[in-house]
Amino acid sequence: LLDDQVMSAHAGGKHVRQALARRLLRGKMRVLQGSLVSSNSPRRQIAALTLLESLVRSSRSMAREFFHAFDFKLKGFAALAQVRKKGALTRLTPSFQRADASSYREDVRYRYVRLCVALLRSGDSELVRDLLQIKDLLPPLFQHLRQDHVS
């Protein structure tokens, strides 16, 4: 959706991408949040987390806007760090040792971690400080770290 190659092919691609991202943040945040917490569909949760990660990674200002628009206290959001997709590889699965990256199936936890890392890597020190003050955002990342696939 926000792929640099696709968007840069158009004149003013960066501006188009930023405008699209802002429109999603301002107009569809409630829908995206609902997809994360009220859905029993891991595919929908993964899709929503992937989209949010793309928005955050697009620019420092977009990461800041996302931080202000998103409700991190949303009931069930921190629990996404513990949701495993059936068939996802962990260190506890027998096939983990011989699995390569191409056979790895993403799970909701993987996408939750990627979103948090994108926020932390935004380059905005004030944003990082604010993220660290959110009680339930980052601690769930470390609870099951030993079970995660190395990718």
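Starting afresh in each chain, residues are numbered from 1 along the sequence in its written order. Under the rules for a predicted model, residues below a pLDDT of 70 receive no local features and side-chain atom pairs below 80 are neither given nor counted, while totals for whole chains, interfaces and linings still include all residues. Heavy atoms from the whole structure form the basis of all side-chain values; hydrogens and water molecules are not counted.

Undergrad: Can you explain the side chain of D107? Please cite residues and give values.
TA: Numbered from the N terminus, helices here are DSSP runs of H or I no shorter than four residues, and strands are runs of E no shorter than two. For D107, the location among the structural elements is in the loop between α4 (60-69) and α5 (108-120). Counted as a polar contact is a pair of N or O atoms within 3.5 Å, where, for protein atoms, one must be capable of donating a hydrogen and the other of accepting one, and residues adjacent in sequence contribute only when both atoms are in side chains. Polar side-chain contacts of D107 include one of 2.9 Å to the backbone nitrogen of Y110.

Undergrad: Got a sec to walk through the environment of K75? Specific residues and values, please.
TA: Within the secondary structure, K75 is located in the loop between α4 and α5. The class for K75 is exposed, based on a relative accessible area of 77%. The sequence separation of K75 and S38 amounts to 37 residues, and the corresponding C-alpha distance is 9.4 Å. The classification of residues rests on relative accessible area computed with a 1.4 Å probe and restricted to protein chains. Under 20% of the type maximum is buried, over 50% is exposed, and intermediate values are partly exposed.

Undergrad: Which residues make up the pattern of salt bridges, and what are the values?
TA: Each salt bridge in this description consists of a side-chain nitrogen of Lys or Arg and a carboxyl oxygen of Asp or Glu lying within 4 Å of one another. Taken as a whole and judged by the stated rule, the model has eight salt bridges. Two residues, R22 and E65, come together in a salt bridge whose shortest N-O distance is 2.6 Å. Linking R22 in helix α2 (residues 13-37) with E65 in helix α4, this pair joins segments that are 43 residues apart in sequence. Residue classification places R22 among the partly exposed residues on the basis of a relative accessible area of 25%.

Undergrad: How would you sum up the nonpolar core? Please name residues and give values.
TA: Ranked by internal contacts, the top residues of the largest apolar core, which has 35 residues, are L52, F66, F72, F77, Y112 and L137. Going through the elements one at a time, α2, α3 (42-58), α4, α5 and α6 (125-132) are the ones with two or more residues in this core. When residues of this core are assigned to their parent elements, the largest contribution, seven residues, is made by α3. Residues grouped as a nonpolar core are buried Ala, Val, Leu, Ile, Met, Phe, Trp, Tyr and Cys residues, joined through side-chain atoms within 4.5 Å.

Undergrad: Outline the side chain of R111, supporting the account with residue identities and numerical values.
TA: Note on placement: R111 falls in helix α5. There is a polar contact of 2.6 Å between the side chain of R111 and the side chain of E53.

Undergrad: How would you explain the packing of aromatic side chains if you had to name every residue and give the values?
TA: Pairing of aromatic rings covers Phe, Tyr and Trp, the last through its six-membered ring, and needs centres within 6.5 Å; plane angles under 30 degrees mean stacked, over 60 mean edge-to-face, and all others mean tilted. Here the structure, examined in full by the defined rule, presents seven aromatic pairs. Here the aromatic rings of F66 and F70 are separated by 5.1 Å at their centres, their planes lie at 25 degrees, and the arrangement is stacked. Note on accessibility: F66 and F70 belong to one class, buried. With centroids separated by 5.2 Å and ring planes inclined at 50 degrees, the aromatic side chains of F77 and Y112 adopt a geometry described as tilted. With F77 in the loop between α4 and α5 and Y112 in helix α5, the pair connects residues that are 35 residues apart, well separated along the chain. The exposure class of F77 is buried, given its relative accessible area of 1%. According to the relative accessible area criterion, Y112 is buried, its value standing at 0%. Every member of this aromatic cluster is reached through a ring pair, and the members are F66, F67, F70, F72, F77 and Y112.

Keep in mind these values describe shape, not function.
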